[in-house]
Structures are given as C-alpha cells and as structure tokens.
Amino acid sequence: MTTTFGSLDALRSHGFDTVIDVRSPAEYAEDHIPGAINLPALDNDERARVGTIYVQEAAFKARRIGAALVARNLAAHLEGPLRDKPGGWRPLVYCWRGGQRSGAVTSWLTQVGWRAERLQGGYQTYRSLVHDALYQQPLPHRLILIDGNTGTAKTDILHRLARHGVQVLDLEGLANHRGSLLGGLPGGQPPQKWFETQIARQLAGFDPDRPVLVEAESSKVGARIVPPSLWTAMKAAPRIEVDAPAPARAAYLAQAYHDVLADRAELEQKLAPLRRLRGGRVDHWLKVWDSGDMAAVTALLMEEHYDPTYRASRAKHAATVLHRFPVAGLSDEDRDGLAARIATWLDSFNET
C-alpha cells in the first residue's frame, strides 16, 4: 500500500508508529523527514556499487545484485532494530522516489504481518512540500524581528522568550552558527536541505495568528542561505530593538565568544578577511589580545567594525521599529528581566 500527503501539516500528523528512511546513510544525513529512523536498504558503498553496475554493465545484473544486498540488510534490521516490534506495528517507509528500495522493504514488512505502507513519491514528495513552503508560497506568519547592535544578546534573549511561551524561530541555532565572522561553532553547519527542513518543521508548528520572533539576520547564517519565502518576510517585517551601552555589550561578547577569543591563532584566522576592509587595525586588535583584556578586544571590534557595518545596513534598509527596549546591563538577571519585558509587550501587542 502507498500513502501520500498534501501538506507539511498533514505529514506532521501522519499517524504512523514509525517513519523509516531506507535510503543510504549519506542520503539520510543530507536531509530526511523529521523523526525518521534510518534503516538503509543499501549502505553508501553498496548503493554506489549497484549504481555503477546499472550504468556500466546491465540493469538486470544491477537489480539482481541489489536485491541480494537488500535482503541481507533487511535480515539484519529484522534481527536487530525491528526484533521487538509488536504485531500491530504500523510503519511508513520511504526511499528516494518511493520506488524499488522502499517497495522491497515495505513488501517484506507486510509479509511479516506488520501494517507497513510506502510513501508515494518518497523523499522527493517530502522535499517538494518543503520547497513549496519556503521557496514558492508566502509565509502565513506574522514575523517580528529582534534587532540591535552586535553584543546585545539577541540570540540569548530569543531563548529566554521561548521559555515565556513566545513563538521563536532561532535561525542561528538551526544553522549551528552565531551569524558573525567569528560565529563558527563545533560540529560545523548542517546541510542546506536539513537547515530548511528544520525551518519548515518549526514554522508548520506555529500558530499563524500569533507573532513569531526572529533575530534580524542577513540573507545567510554562516554558509547557510535563508530560504526565499522566509527572507522576503523578514525584509518586510517590523522590528523591536534592544539598546545596551557599549561596555555592557563588550563584556557580553567577551563571555559569549570566549571559545574563539581563547585561541589567538583561530582568532587571527577568522579576522583575516577583515584586513581588506580594516587594514592594520586587525594587527592592533591582536596586540590588544596579547595584553589579555578580552573585553577591550571586543570593544574595539564593535567600535571599528561591527557598529559601523550595522549603521550602514540600517541606513540602507529602513524598517519600521515598533518598540525600543533600553537595558543598562546584560548580566544574566538583566537578560531575564529584558525577556520578561519583551514578552509582556508582545502580549499587549498581540491584543491590538
């Protein structure tokens, strides 16, 4: 049996006990339906081998060898991850196009007695839903951007707002990047398609009648590209602004970027692209680093690079500012209080 879904919302509430991605681990790693487990019909090497035989020798030979490999892998899955599944278990199975791999696995699972179904069109059906939502259709959500100079703890404030029940889309968290030149994080960034999957999943779970807060970003977060429908909505969205004094921002940045600031070689490497814009000032920043005053380093980076860049961008892209939130400091308590103030303001804004 095959099944299909007409929207991401329908897919989110699919009703199956388990979603099984039978593509190779490499395909699964690039992107997959959220919550799906990977039980590959063919592993990476096997898939490459069968594909080569199909192209260079004969389709029949490739199918015969592929069928034997799938049978061995399915036996391992039946004796391993699936061994304790009850008789009434109902899995949804998909591969790349909903063809031979998912068809073979679904057939065997049905023969066992489980109520297995195959996703019509496979992963490509799912990907077309994501693409339609993020590339073709306007977003149905009311976005509000949280803005402010570098070092105003915007991402941290978003996390605290989420604890107040505010609908928050954390692009930096989804992209595993702090969004600035120094913003790389351990583990690297997810593939673009997985980044988009996470965005689509979160947006699909939001109430369109309530605002969604998003940090004001450029069209890229690190190397990940903000998909067009979201970027269009962000450019048109009104903003709230956080305003904090420079010393508080410098101290917060020194704390938030302690990992980068702890390693001079890494810092120098990350600052290298700025030499074209800031020339010898980069060497001055590194000399200040040698003095051990990390807050002085971040203060100089703000004053001589980030703040001028922000002012230029703001002058180029005039936006409606709904409210400004001044804060004297950015300690943990200050950020808690600021998040509470913003959440209260959002409640009143939502009622208007």
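Given the structure is predicted, the values throughout are model-derived calculations rather than measurements.

Chemist: With reference to specific residues and values, describe the nonpolar core.
Modeler: Residues L143, L169, L171, I199, V214, L230 and M234 are the most contacted members of the largest nonpolar core, which totals 36 residues. Where this core is concerned, the elements lending two or more residues are α1 (8–12), β4 (91–94), α6 (122–136), β6 (142–148), α8 (171–175), α9 (192–204), β8 (211–215) and α10 (228–236). Top contributing element to this core by residue count: α6, with five residues. Excluding anything up to four places from it in sequence, L169 contacts L158, L174, Q202, L203, F206, V212, L213, V214, E215 and L230. Core analysis: the next-biggest nonpolar cluster, separate from the first, contains 23 residues, I146, V166, I240 and F325 among them.

Chemist: Describe the sheet that holds strand β3 (residues 37–38), and please don't skip the residues or the numbers.
Modeler: Within the open sheet, the five strands sit side by side as β1-β5-β4-β2-β3. Their pairing is parallel. The open sheet is flanked by β1 (2–3) and β3, the only strands paired with a single partner. As paired elements, strand β2 (residues 18–21) and β4 share four bridges and run parallel to each other. Across the sheet, D21 pairs through a bridge with Y94, a residue of β4. In this fold helix α5 (residues 100–112) packs onto β2, β4 and β5 (117–119), with an angle of close to 155° to the strand it touches most, β4.

Chemist: For the sheet that holds strand β12 (residues 321–326), give the residues involved together with the corresponding values.
Modeler: With parallel pairing, five strands are arranged side by side in an open sheet as β7-β8-β6-β11-β12. The two strands at the open ends of the sheet, each matched to only one other strand, are β7 (167–169) and β12. Looking at each pair of strands side by side, their axes are set apart by 25° on average, direction ignored. The sheet contact formed by β7 and β8 spans three bridges and is parallel.

Chemist: Would you mind going over unusual backbone geometry in detail, with residue names and values included?
Modeler: Excluding glycine, a negative phi dihedral is what most residues carry, and trans is how most peptide bonds are arranged. Positive phi is not limited to glycine here, since A153 has a value of about 60°. Of note, A153 is situated in the loop between β6 and α7 (154–163). Classification of A153 as buried rests on a relative accessible area of 4%. Of note, N176 is a non-glycine position whose phi angle comes to about 50°, a positive value.

Chemist: Give me the lowdown on the packing of helix α3 (residues 44–56) against helix α4 (residues 59–79), citing residues and values where you can.
Modeler: Contact pair α3 / α4: the axes reach a minimum separation of 7 Å and the direction vectors enclose 165°. Overall, the two elements α3 and α4 adopt an arrangement that is roughly antiparallel. As for how α3 packs across α4, the hand of that crossing is left-handed. Along the contact surface, α3 presents E46, R49, V50, I53 and Y54, while α4 presents A59, K61, A62, R63, I65, G66, L69 and N73. Looking at the contact of α3 with α4, its residues break down into seven nonpolar, two polar and four charged.

Chemist: Lay out α5 with the relevant residues and their values.
Modeler: In this model α5 runs 18 Å from its N-terminal to its C-terminal C-alpha over 13 residues, within 8% of the 18 Å that 1.5 Å per residue would give. All of the buried residues in α5 are R101, S102, V105, T106 and L109. When α5 is viewed along its axis, its buried side chains cluster within an angular range of 115° and face the same direction. Residues of α5 that are exposed and point over 90 degrees away from its buried face: Q100, W108 and Q111.

Rules used throughout
Residues numbered from 1 in each chain as written. Predicted model: local features only at pLDDT ≥ 70, side-chain atom pairs only at ≥ 80, totals over all residues. Heavy atoms only, no water. Core = buried A, V, L, I, M, F, W, Y, C linked by side-chain atoms within 4.5 Å. Buried < 20%, exposed > 50% of the residue type's maximum accessible area, 1.4 Å probe, protein only. Helix = DSSP H or I, 4+ residues; strand = E, 2+ residues; numbered from the N terminus. Contact = heavy atoms within 4.5 Å. Pairing = 2+ DSSP bridges. Axes fitted to C-alpha atoms, helices over the stretch in contact; angles between N-to-C directions. Parallel < 35°, antiparallel > 145°, perpendicular 65-115°, else oblique. Left-handed = near helix turned anticlockwise from the far one by under 90°. Nonpolar A, V, L, I, M, F, W, Y, C, P; charged D, E, K, R; others polar. Expected span 1.5 Å × (residues − 1). Arc of directions from axis to C-beta.

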